[in-house]
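# Report on the structure
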Amino acid sequence: MAFCSKNSRTIINNLKSKLGLSRLMNQGSDGCLNNTNPCRFLPLTTLPQLRNPDSYSHKTGHSFCSQRFQSTTSEQQFASLPNGEHSQELDFPGGKVVFSPEMRFLSESPCVYNNCYRVLDDNGQLIGNSNFVQVSEEIAVKMYSSMATLQILDTIFYEAQRQGRISFYLTTIGEEAINIASAAALTSDDIVFPQYREPGVLLWRGFTLQEFANQCFGNKADYGKGRQMPIHYGSNKHNYFTVSSTIATQIPHAVGAAYSLKMDKKDACAVTFFGDGGTSEGDFHAALNFAAVTESPVIFICRNNGWAISTPTSDQFRSEGIAVRGQAYGVRSIRVDGNDALAMYSAVHAAREMAINEHRPVLIEAITYRVGHHSTSDDSTKYRPADEIEWWRMARDPVTRFRKWIETNGWWGSEAESQLRSSIRNELLQAIQIAERAEKPPVNELFTDVYDNIPSNLRDQEKLLRETINRHPADYPADVPF
Amino acid sequence: MLGVVRQKMLGQSLPKIRPVVSVLRSYSSAAKQMTVRDALNSALDEEMSADPKVFLMGEEVGEYQGAYKISKGLLEKYGPERVRDTPITEAGFAGIGVGAAYYGLKPVVEFMTFNFSMQAIDHIINSAAKSNYMSAGQMSVPIVFRGPNGAAAGVGAQHSQCYAAWYASCPGLKVLTPYSSEDARGLLKAAIRDPDPVVFLENELLYGESFPVSDEVLDSSFCLPIGKAKIERVGRDVTITAFSRMVGHALKAAEILEKDGIDAEVINLRSIRPLDRSTINASVRKTNRLITVEEGFPQHGVGAEICASVVEESFAYLDAPVERIAGADIPMPYAANLERIAVPQVEDIVRAAKRACYRSVPLAAAA
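Keep in mind it's a predicted model, so treat the numbers as computed, not measured.

What counts, and where the lines are drawn
- Residues numbered from 1 in each chain as written.
- Chains lettered and ligands numbered in written order.
- Predicted model: local features only at pLDDT ≥ 70, side-chain atom pairs only at ≥ 80, totals over all residues.
- Heavy atoms only, no water.
- Helix = DSSP H or I, 4+ residues; strand = E, 2+ residues; numbered from the N terminus.
- Buried < 20%, exposed > 50% of the residue type's maximum accessible area, 1.4 Å probe, protein only.
- Contact = heavy atoms within 4.5 Å.
- Areas by Shrake-Rupley, 256 points an atom, 1.4 Å probe, with all protein chains shown as cover.
- UniProt positions renumbered as here; feature names shortened; annotations may be inferred.
- Buried area = accessible area lost by both parts, 1.4 Å probe.
- Polar contact = N/O pair within 3.5 Å; in protein donor to acceptor, adjacent residues only side chain to side chain.
- Axes fitted to C-alpha atoms, helices over the stretch in contact; angles between N-to-C directions.
- Parallel < 35°, antiparallel > 145°, perpendicular 65-115°, else oblique.
- Left-handed = near helix turned anticlockwise from the far one by under 90°.
- Nonpolar A, V, L, I, M, F, W, Y, C, P; charged D, E, K, R; others polar.
- Salt bridge = Lys/Arg side-chain N within 4 Å of Asp/Glu carboxyl O.
- Phe/Tyr/Trp six-rings, centres within 6.5 Å; stacked < 30°, edge-to-face > 60°.
- Lys NZ or Arg CZ within 6 Å of the ring centre and 35° of its normal.
- Pairing = 2+ DSSP bridges.
- Core = buried A, V, L, I, M, F, W, Y, C linked by side-chain atoms within 4.5 Å.
- pLDDT = per-residue confidence, 0-100.

## As for the overall build of chain A
Of the regular secondary structure elements, chain A holds 18 helices and 12 strands. In chain A, which comprises 482 residues, the proportion classed as buried is 53%. A separation of at least 24 residues holds for 73% of the contacts in chain A among residues at least 6 apart in sequence. For chain A, the exposed area adds up to about 21700 Å²; of that, 52% sits on carbon and sulfur atoms.

Here's what the structure looks like:
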C-alpha cells in the first residue's frame, strides 16, 4: 500500500514482517476494526439461543457481546466460491450486491471497544511489538513541555475565574496528549477547526501565554477584539479557526475547507476536533458522509472523553464508540488510546499522509477522560463519583505517562521538571497581570466587522453612542478607550 | 413601463409619461426579452467564468441541470468540481459551503427551496452571518445562499413560506429579493462579488416570466448596488412598497388605481437587508400615504419594519395610517381556491390604497 512503501523507513517495526503495519490499517473486507475479532454477523443457528442470551454466554463462557463470527472467513467464503448458489451478484448503482439465502442480521453494539491502539503502557514504557512513528528528542521534549505548560495554563486560568478575574474558563485537563501530540504530527499549513477543548494545538503552533491571556481578558490586544467569551481563541496566522460555541458545526466547515484545499492542490489537510457528544449532532453525520463522497483530505479527531457535561457516553449513543461510525460512512477509522502521546502522534502522522496523498478523510477516535469539570459553570461531582475523577487524574495522567517515557530515554530529569514548572507559572502570572491591566478594545470596535464595510446605520448608531457618552462621561467605564 | 425607463439611473430620474406596463412589454421591440431563469443562469455563468473561486453546490444542480433549470449547462461547461451535486443534507452542504468560504472560495449554495434552508439555518446564522464579527474580521464568509422563496402554486404549507423577514432580522447577512430579469442579473452578480454572506431569495413563479433587458444589463460587468430600492413607477398619491413577485401585483394595482384617479408610486425594494429606508421615506414624504405589500406572514414581517422606519423618520408626513398587506396568518393551504385567498391579490392592494386615500371601499375579498 502507498503508506507502507513511503514510510517504512520511519516506522519502527518490531515485528519481522509487515504484519503489524497491516494490522494498523487493515483494509480487508471487514474494515479496520474487526480484523482479529469476530464479525458483526450473527449466524442463523444461534438464533434460538438469542432469546435467552445469558444461558448461551454461560455455556460458552463468553459474554454475549462476543458472539460473533470470524468475518474474514465468512465474507471471503462468499467472494471466492465458484458459480454456485452463493455467487449471485447484482450490479447496483452503489456497487456490487452479493446475495445470500441465509437471513443474517448485523448485530447491534458490543459492550467492548475493540482495537484501541496504544504504544506506551500505563507506566510510560514502550509495549513490545508496537508500531509507532519515532519522535526525536527535540520534538519529544517540546511535546512534554507543551503538555506541562497546558496543565499549568489550565490550572491558573481556572483559578483566575474562581477569583472573579475572568468570567468563564474551560480546562483541557486529562486531554493534554490529544492536544499536543496531534498538533506535533501536523504541519503549520494544516487548517485546524477546533471545538473548544483544544487550546494545546494553538499553544504548540506558537500562540503565546500573553495571547491566551489577552483573549480571556478581552483586552485591546485580543485578536477577537473582546467580542467573545474566554477560551474562544482564533488566529489566522496559526491556521486555527476561531472557536465558536455551537457544537459540531465546525465538522462540516472542515470538510468544506478540505475540499477547497484539494481544489487548490495544496500539501495540507483540514483537521477538526470534537467530543463524544458532538457526534450526536446532525452536522457530524452530514460532514462524514460528504467527506467520503467528495474524497476530501480531512482528519476527524474525536475526543471520546466519556462525558458530555453530565451525559455519559452510554446515554449518548449505543454504537461501538465513534470509530465504527466513521467506518459506516466509508471513512477510514482508527481507535487510539488518547492518553498515550506517542500513539496519538503516530496515528495523526499516518492519517495526515493518507488524507493528503490519497485524498481521503480519516477518523481518529481518541479514548480519554475529561478530568476537569465541563467548564467553570459545572460541578461534575454532582453526577459522577469523585474517586473516579481522582483515579483518572492521578493514575491515568497522560502528562506523567509521557514524562516517564522521556525520562527513560534520558531526555528529561527532575531538575528540568521543576525549572519548567516554575518558569511557566511565573510567566503566566505575569501575562495575566499585564492582560488584566491592559485597555479594553475601543468603542468603535463595537460596530466594525458586522459586514466587510461598516453600513450607514451602524455609523449613525456609533455617532449617537458617542454623543451619549459625551453627555454622561461619569457613567462611562474608565478602561474602555474612547 | 420598463422599456421606457432609462436603465442607467436607478429609478431616480424617470420620465413623466408612463404607458401601461403590460402593453409596453409586448411593444418593447428595442430592448431584448429575457426570462428570470436565463438571467440567473447567465449571471452564474459569467461570474464563474470571471472568478475561478466561484463554485455552485446543491441538490440536483449538476446532472439534472438544476431543479428549476437555473444551472442549466453549467456542469458541462465547468466540470464536477465547480458544479457540485450534493447528498441530501442541507445542514451538511451549507456547513461545507461556509467552510469553503472560510478558506477563501466563493460558494454559491442552492437550496431547492428556502423552506429546506431551515435545516441549515444554524449554519446560515451562526456560522456565516456572525463569523466575521465573532472572529474580529479574521474569518470572512463570501458565500451566497440562493433558491426559490415564498409561495409557488399548489405546493402546500411546507413549501410555501417566505423567509425574507427571518433572514433580514439578522445582522451580518445581506438579503436580496430580485423581481425582474434585470434585478436577477444585477443582484446575483453583486451577491457573488460581495465579501459578506448573502441570502438571495428568488421566486419560482417568476422564473418563467420575461422582462425586457437593455444592452447594459446584458453586459458581463453589469452589477446592481446592494441596498438600493428601485422606483418602478413614479406617483404622487400613495406609496406602495413590494418585493419579489408582489412587485408585479403592485404594478397591476397601480394601473387599476390610475383609472380611479389615484396615482400610485411603486417601489421595488430589491434589498430587504439593508433596507433602503431613505428611498422609502423620501417617497412617503412626497405621497404621505404608505401601503406595504409582502407575500409572507404578517406578524414581524417586512412591512412591520418599513412601518416602524416611516413612523420613526417621517411621522409628521403621514396623512393616513400605514397599512400592511401580507399573506394570511395561516400555514399555506393546498386547495387552489384557498391558496388564492391566502396570498395577497391585486384587489387587496387596490382596496388598501383606496382606504389610505379615504375612499369608501367594499369590505372583504370574494373567494
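## Let's talk about the overall build of chain B
Counting its secondary structure elements, chain B contains 14 helices and 14 strands. Based on the C-alpha atoms only, the size of chain B along its principal axes is roughly 60 × 45 × 45 Å. Each of the 367 residues in chain B was classed as buried or not, and the buried ones make up 60%. In chain B, 80% of the contacts between residues at least 6 apart in sequence involve partners at least 24 apart. For chain B, the exposed area adds up to about 14000 Å²; of that, 55% sits on carbon and sulfur atoms.

## Description of the UniProt feature "domain: Dehydrogenase E1 component" (unreviewed entry) in chain A
On the UniProt side, "domain: Dehydrogenase E1 component" (unreviewed entry) is annotated at positions that read residues 146–443 of chain A here. Summarising residues 146–443 of chain A: 48% helix, 11% strand, and an end-to-end C-alpha distance of 36 Å.

## Focus on unusual backbone geometry
The linkage connecting Arg273(B) with the following residue, Pro274(B), adopts the cis geometry, with an omega of 0°. Within the secondary structure, Pro274(B) is located in the loop between β12 (271–273) and α11 (277–287). One non-glycine residue, Asn129(A), lies in positive phi territory at about 60°. Here Asn129(A) shows up in the loop between β4 (116–117) and β5 (131–133). Look at Ile231(A): it is not a glycine, yet its phi comes out positive at around 70°.

## Details of the interface of chain A and chain B
Each side of the interface is counted separately: chain A has 40 residues, and chain B has 39 residues. Here chain A and chain B share an interface that buries about 3300 Å² over both sides, 61% of which is from carbon and sulfur atoms. In this structure, the connection of chain A to chain B is made through 17 residue pairs in polar contact (both at pLDDT 80 or more). Secondary structure elements with two or more residues in the side of chain A that touches chain B: β6 (191–193), α10 (250–264) and α11 (282–294) of chain A.

## Remarks on the UniProt feature "domain: Transketolase-like pyrimidine-binding" (unreviewed entry) in chain B
Under the UniProt annotation, the feature "domain: Transketolase-like pyrimidine-binding" (unreviewed entry) is placed at residues 34–209 of chain B. Measuring from the first to the last C-alpha atom of residues 34–209 of chain B gives 8 Å, for a span that is 37% helix and 16% strand.

## Looking at the packing of helix α9 (residues 209–217) of chain A against helix α17 (residues 414–437) of chain A
Residue and element names in this part refer to chain A. Two elements in contact, α9 and α17, have axes whose closest approach is 9 Å; the angle formed by their N-to-C orientations is 40°. In terms of axis orientation, α9 runs oblique to α17. By crossing handedness, the relation of α9 to α17 is classed as right-handed. Side by side, α9 and α17 meet where Leu209, Gln210, Ala213, Asn214 and Phe217 of the first sit next to Ile424, Glu427, Leu428, Ala431, Ile432, Ile434, Ala435 and Glu436 of the second. Broken down by class, the residue content of the contact of α9 with α17 amounts to 9 nonpolar, 2 polar and 2 charged.

## Description of the pattern of salt bridges
All names here are of chain B. Applying the stated rule across the entire model yields 51 salt bridges over all chains. One salt bridge in this structure joins Asp51 and Lys106, with 3.1 Å as the shortest N-O distance. With Asp51 in the loop between α2 (36–50) and β2 (54–58) and Lys106 in strand β4 (residues 106–110), this pair connects stretches of sequence that are 55 residues apart. We classify Asp51 as buried; its relative accessible area is 18%. Taking relative accessible area as the criterion, Lys106 reaches 21% and is therefore assigned partly exposed.

## Description of the packing of aromatic side chains
Scanning the model with the defined rule gives 24 aromatic pairs over all chains in all. Seen in terms of ring centroids, Trp405(A) and Trp411(A) are 5.6 Å apart; in terms of plane orientation they differ by 85°. Their pairing is edge-to-face. The class of Trp405(A) is buried, set by a relative accessible area of 4%. Their ring planes at 70° and their centres at 5.9 Å tell us that Phe114(B) and Tyr167(B) sit as a pair that is edge-to-face. Residue Phe114(B) is located in the loop between β4 and α5 (121–129), and its partner Tyr167(B) is located in helix α7 (residues 164–168); the two are separated by 53 residues in the primary sequence. For the pair formed by Phe114(B) and Tyr167(B), the shared burial category is buried. Through pairs of rings, three or more aromatic residues link up here, namely Phe93(B), Phe111(B), Phe114(B), Phe145(B), Tyr163(B), Trp166(B) and Tyr167(B). Note that Arg227(A) overlies the ring of Tyr133(B), its terminal NZ or CZ placed 4.0 Å from the centroid.

## Notes on the packing of α11(A) against helix α4 (residues 90–103) of chain B
Two elements in contact, α11(A) and α4(B), have axes whose closest approach is 8 Å; the angle formed by their N-to-C orientations is 70°. Considering the angle they form, α11(A) stands roughly perpendicular to α4(B). Contacts from Asp283(A), Ala286(A) and Phe290(A) of α11(A) reach α4(B) at Ala91(B), Gly92(B), Phe93(B) and Ile96(B). When the residues that make up the contact of α11(A) with α4(B) are grouped by side-chain class, the tally is 5 nonpolar, 1 polar and 1 charged.

## Here we look at the side chain of Gln138(B)
Mapping Gln138(B) onto the fold places it in the loop between α6 (131–134) and β5 (144–148). Judged by its relative accessible area of 18%, Gln138(B) falls in the buried class. In contact with Gln138(B), other than residues within four places in its own chain, are Tyr223(A), Gly234(A), Ser235(A), Asn236(A) and Thr242(A).

## Some remarks on the environment of Ala67(B)
All names here are of chain B. Within the fold, Ala67 resides in the loop between β2 and α3 (74–78). Of the residues examined, Ala67 reaches a relative accessible area of 23% and is grouped as partly exposed. Ala67 has contacts with Glu60, Glu110 and Met112, leaving out every residue within four places of it along the chain.

## Thoughts on the sheet that holds strand β10 (residues 238–242) of chain B
Residues and elements named next belong to chain B. Reading across the sheet, the 5 strands line up as β9-β11-β10-β13-β14 and stay open at both edges, with mixed pairing between neighbours. Either end of the sheet is taken by a strand with one partner, and the two such strands are β9 (230–233) and β14 (323–325). Strand-to-strand twist in this sheet, taken as the mean axis angle between neighbours without regard to direction, amounts to 25°. Sheet analysis places β10 next to strand β13 (residues 290–293), joined by 3 bridges and oriented parallel. Across the sheet, the residue bridging to Thr239 is Leu290, located in β13. Against the sheet, helix α12 (residues 302–314) engages β10, β13 and β14, with an angle of about 155° to β13.

## Regarding the sheet that holds β4(B)
Two strands in a sheet stick together by hydrogen bonds in their backbones, pointing the same way (parallel) or opposite ways (antiparallel). All names here are of chain B. Across the sheet, 7 strands lie side by side as β3-β2-β4-β5-β7-β6-β12; this open sheet has mixed pairing. In this open sheet, the two edge strands, each paired with only one partner strand, are β3 (83–85) and β12. Each strand of the sheet is rotated relative to its neighbour by a mean of 20°, with strand direction disregarded. Summarising the sheet, strand β6 (residues 174–176) and β12 pair through 2 bridges and their orientation is antiparallel. Within β12, the position partnered with Leu176 by the bridge is Ser271.

## Some words on the nonpolar core
Core analysis: the biggest nonpolar cluster contains 80 residues, and Met143(A), Phe157(A) and Phe402(A) have the highest contact counts within it. Beyond its immediate stretch of four places on either side in the chain, Phe402(A) contacts Leu120(A), Ala140(A), Met143(A), Tyr144(A), Met147(A), Ala341(A) and Leu342(A).

## Quick notes on the pairing of strand β12 (residues 362–367) of chain A
Residue and element names in this part refer to chain A. Most of β12 sits out of view: 5 of its 6 residues are buried. Of the pairings in the sheet, the one linking strand β8 (residues 298–304) to β12 comprises 6 bridges and is parallel in character. Along β12, the bridge assignment pairs Cys302 with Glu365. Relative to β12, strand β11 (residues 332–337) runs parallel, the two sharing 6 bridges.

## Regarding the side chain of Thr171(A)
For Thr171(A), the location among the structural elements is in the loop between α6 (137–162) and α7 (176–185). With sequence-adjacent residues up to four places away left out, Thr171(A) is seen in contact with Asp154(A), Tyr158(A), Arg197(A), Gly372(A) and His373(A).

## Observations regarding the confidence of the model for chain A
Residues of chain A with pLDDT of at least 70 account for 82%, and the chain-wide mean is 85. Every residue in residues 1–85 of chain A is under pLDDT 50, and counting partners more than four places away or in other chains gives 112 contacts.

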